[in-house]
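Summary of the model geometry
What follows is the residue order along each chain.
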Amino acid sequence: MGRKVTVATCALNQWALDFEGNLQRILKSIEIAKSRGARYRIGPELEICGYGCWDHYYESDTLLHSLQVLATLLESPVTQDIICDVGMPVMHRNVRYNCRVIFLNRRILLIRPKMALANEANYRELRWFTPWSRSRQVEEYFLPRMLQDLTKQETVLFGDAVLATWDTCIGSEVCEELWTPHSPHVDMGLDGVEIITNASGSHHMLRKAHARVDLVTMATTKNGGIYLLANQKGCDGDRLYYDGCAMIAMNGRIFAQGSQFSLDDVEVLTATLDLEDVRSYRAEISSRNLAASRVNPYPRVKVDFALSCHDDLLESVSEPVEWKYHRPEEEISLGPACWLWDYLRRSQQAGFFLPLSGGVDSAATACLIYSMCHQICEAVARGNQEVLTDIRAIVDESSYIPQNPQELCGHVLTTCYMASENSSQETCNRAQKLAQQIGSYHIGLNIDPAVKAIVGIFSLVTGKSPLFAAHGGGRREDLALQNVQARIRMVLAYLFAQLSLWSRGTCGGLLVLGSANVDESLLGYLTKYDCSSADINPIGGISKTDLRAFVQFCMERFQLPVLQDILSAPATAELEPLADGQVSQTDEDDMGMTYSELSVYGRLRKIAKVGPYSMFCKLLNMWKDTCTPRQVADKVKQFFWKYSVNRHKMTTLTPAYHAENYSPDDNRFDLRPFLYNTRWPWQFRCIESQVLQLERKSRQDLDGPD
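Residues numbered from 1 in each chain as written. Predicted model: local features only at pLDDT ≥ 70, side-chain atom pairs only at ≥ 80, totals over all residues. Heavy atoms only, no water.

Identification of the chain as Glutamine-dependent NAD(+) synthetase from Heterocephalus glaber is taken from an unreviewed UniProt entry. Recorded in UniProt under Pathway (unreviewed entry), the annotation for the chain is "Cofactor biosynthesis; NAD(+) biosynthesis; NAD(+) from deamido-NAD(+) (L-Gln route): step 1/1." Check the Function (unreviewed entry) section of the UniProt entry for the chain; it says "Catalyzes the final step of the nicotinamide adenine dinucleotide (NAD) de novo synthesis pathway, the ATP-dependent amidation of deamido-NAD using L-glutamine as a nitrogen source." (UniProt positions renumbered as here; feature names shortened; annotations may be inferred.)

**Here's the deal with the overall build of the chain**
Helix and strand counts for the chain stand at 23 helices and 20 strands. Relative to a compact globule of 706 residues, whose C-alpha radius of gyration would be 27 Å, the chain shows 29 Å and is just as compact. A total of 706 residues make up the chain; the buried ones form 58% of that total. Sequence separation of at least 24 residues holds for 74% of the intrachain contacts in the chain that already meet a minimum separation of 6. (Helix = DSSP H or I, 4+ residues; strand = E, 2+ residues; numbered from the N terminus. Rg over C-alpha atoms; globule rule 2.2 N^0.38 Å. Buried < 20%, exposed > 50% of the residue type's maximum accessible area, 1.4 Å probe, protein only. Contact = heavy atoms within 4.5 Å.)

**Details of helix α21 (residues 612-622)**
For α21, the set of buried residues is P612, M615, F616 and L619. One side of α21 holds all its buried residues, which, seen down the axis, span an arc of 100°. Buried residues in α21 make contact with α20 (595-607), α22 (629-645) and α23 (681-703). (Arc of directions from axis to C-beta.)

**Here's the deal with the pattern of salt bridges**
In the structure shown here, the tally under the stated rule is 38 salt bridges. The closest approach of N and O atoms between E378 and R557, which form a salt bridge, is 3.8 Å. Of this pair, E378 sits in helix α10 (residues 360-381) while R557 sits in helix α17 (residues 544-557); the two residues are 179 residues apart in sequence, bridging distant segments of the chain. Classification of E378 by relative accessible area gives partly exposed; the value is 37%. Residue R557 is classed as partly exposed on the basis of its relative accessible area, which comes to 41%. We note a salt bridge from E688 to R630, for which the minimum N-O separation is 2.9 Å. (Salt bridge = Lys/Arg side-chain N within 4 Å of Asp/Glu carboxyl O.)

**Notes on helix α1 (residues 19-35)**
The terminal C-alpha atoms of α1 lie 24 Å apart, and with 17 residues this matches the ideal 24 Å at 1.5 Å per residue to within 8%. Among the residues of α1, F19, G21, N22, L23, R25, I26, L27, S29, I30 and A33 are the ones counted as buried. Summarising the contacts, the buried residues of α1 are in contact with β1 (4-12), β2 (40-42), α2 (60-75), β3 (83-92), β15 (266-274) and α9 (328-347). Two residues or fewer past α1, G37 is found with a positive phi of approximately 90°. (Expected span 1.5 Å × (residues − 1).)

**A word on the pairing of strand β11 (residues 226-234)**
On a regular strand, each side chain points to the face opposite its neighbour's, so the side chains alternate between the two faces of the sheet. Burial analysis of β11 places nine of its nine residues in the buried class, which makes it a mostly covered element. Alignment of β1 against β11, held across two bridges, turns out to be parallel. Its bridge partner lying in β11, A11 is registered against N231. Where strand β10 (residues 195-200) lies against β11, six bridges are found, and the strand directions are parallel. When the bridges of β11 are listed, N198 appears paired with L229. (Pairing = 2+ DSSP bridges.)

**Remarks on the pairing of β10**
Among the six residues in β10, six count as buried, and that is most of the element. The two faces of β10 match: I195, T197 and A199 on one face and I196, N198 and S200 on the other face are all buried. Judged from the five bridges that link them, strand β9 (residues 169-174) and β10 form a sheet pairing that is parallel. Residue pairing in the sheet places V174 in a bridge with A199 of β10. What joins β9 to β10 is helix α5 (residues 184-190), and the crossover it makes is right-handed. (Right-handed = clockwise from strand over helix to strand, strands pointing away.)

**A word on the UniProt feature "domain: CN hydrolase" (unreviewed entry) in the chain**
Those residues carrying the UniProt feature "domain: CN hydrolase" (unreviewed entry) are residues 5-275 in this numbering. Helix makes up 25% of residues 5-275 and strand 34%, with an end-to-end C-alpha separation of 7 Å.

**Let's talk about unusual backbone geometry**
The phi dihedral of R93 falls on the positive side, at around 55°, and the residue is not glycine. Inspection of the secondary structure puts R93 in the loop between β3 and β4 (95-104). For R93, a relative accessible area of 59% puts it in the exposed group. Positive phi values are uncommon outside glycine, yet W680 reaches one of about 45°. The residue W680 is located in the loop between α22 and α23 in this model.

**Focus: the side chain of S599**
Secondary-structure assignment places S599 in helix α20. Leaving out residues up to four positions away in the same chain, S599 has contacts with D519, S543, T545 and Y662.

**A word on empty space enclosed by the protein**
All chains considered together, the criterion is met by five cavities of 30 Å³ or more. Volume-wise, the largest cavity comes out at about 130 Å³. Residue composition of the lining of the largest cavity, grouped by class: six nonpolar, nine polar and two charged. A volume near 60 Å³ is recorded for the second largest cavity. For the lining of the second largest cavity, the secondary-structure elements that each account for two or more residues are α5, α6 (209-223) and β11. Among the elements that take part in the lining of the second largest cavity, α6 stands out by supplying three residues, more than any other. (1 Å grid on protein atoms, 1.4 Å probe; cavity = no way out; pocket = protein on both sides within 12 Å on 5 of 7 lines; lining within 4 Å. Points joined across faces, edges and corners; volume = space filled by probe spheres on them. Nonpolar A, V, L, I, M, F, W, Y, C, P; charged D, E, K, R; others polar.)

**Some thoughts on the packing of α1 against α2**
Helix-helix packing is characterised by the crossing angle of the two axes and by the distance between the axes. Interaxial distance between α1 and α2 falls to 11 Å at its minimum, and their mutual angle equals 30°. What the angle tells us is that α1 and α2 run roughly parallel. Seen from above, α1 lies across α2 with right-handed handedness. Here F19, L23, I26 and L27 of α1 lie close against α2, whose contacting residues are T62, H65, S66, V69, T72 and L73. (Axes fitted to C-alpha atoms, helices over the stretch in contact; angles between N-to-C directions. Parallel < 35°, antiparallel > 145°, perpendicular 65-115°, else oblique. Left-handed = near helix turned anticlockwise from the far one by under 90°.)

What follows is the structure, given as structure tokens:
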């Protein structure tokens, strides 16, 4: 009697609205799953249209083209003799649902709508979809005519049900449902469902992978069973990178682990597992069995099909594996690099242009491109034909084969050191050495003629000549002169991005890279429309602390000795005059706080969801050994004043890779005003009242009893 089942899950690099490409990747995954003996295949959430369609979900075209792709899948010989579980939007009784469509041999078995929608942080699913709120209930869905002709079905079941095959029972949950306090898999498992599937659209965040793995293993530890998780991978059109991590678990153990970062567009995991292991595991958990005897049953859809073979006695089963995690610095080296690769090939540009200052941030950005080149070379060496085809299109050479990361970097990365009279020779040398060590095409230029011309126009019109503070000018003059330099660098960056390849007799244009970190963005320590204004910013969601650890990692991993000099140098914008040829300006002096303090403020503001007063209260305890209440109050007031004064800069922030939950990205993640009362009178008065009370108490304690 058959009891061993081979099941497949996958991670697909789908792209929003790329129906043709998405279809081909789905078909390829099914083909691979079948070739490995699988009889059930699940794919990522909304894989047919791509997860990140956003307001395109409102369009009837998105629904129509999804149905057309489903029809193509139904009639394809590739999908025969395997249960296929695909994701797409479905309109039912004029309501739009995020659905799983499960079919076998040209017949739709069940349309299962998502019951808990992700609607926080980067997600807005309630904007486009409605959750199915009728637990364990189904109704008839009338198929469109194009599907009726194919399936010979007029209606199919729509709702919260499970599949009963000849040998087992299968239930579905969709992404967010795994993360809810009472996930569907709990009651499904109690009702005898032995295989739970989860189609996800889950994005990468530093240090997040363990949470996903823990949820899956815990689900099957408490209740037994087999759990398949599929996920989107890659950049599907915006700031998020979906990081795969497809997995298959059973009874609290992992049996197949997918890659978190990869240039492979299609990755399929299979495992052969014994259903009797699930049954025996559950049999000895008496508390689980007592709960199971009281559970309300799910509607069962009978399926004339078996996942196991009749004679499988000699078939070997999969062995458990230990999950391998990346360190945060490894995650940074891989995630943003994969995101950059997807953005580059899908935007059909010829490479990147990076203003290289000789500091940590732009060096980290250059290292990400170098890491991308490493991954491309490794993929080509492994025989990845899609990557080779894409890189040949990018460099415009039909027979090109990358020789090594340095050689490839020379094709796809142009770096530029934009010197001024305020630049030091040290930063110039560091930028040049880094360019040599990674192999980028490097340009050195001086912006002074352009700066003098711009300031000259102002002086000609007004009759006034602004001066730096070091030369006797006021603060307004000083900032204006700094900003002119910064903004001219942005103008030159775009000019060279458009025409530098033309000047070399090569086709195409370059994507301009920004390199402002998440802490600087949070505080607004950047000039609006300077080099922070770019096409994309791969480090815009990463803290200075993590970036320094990443650069240290790159120095060792890629053998780039100049990075030690960059790490040792003080961070500086080099926009103020030098003092005796030496840098007189540092970032932390300019900001009035350290980068480590900024990370604390950022996490409290966004993740802990505190305002000025609550932040003061929390920091009183956190910093009680190093700061007085008055010092804490001054620091909090200074942060919130600078943050609110500069919040308007977030409205034009360059699209950045999302890596941190305290990102100040104004586009969709951190929705706040950009015009504040920067004096915060009520909030700061509450803080001041507490400080005075604490100071009075401290004096009384010192005076002692009368």
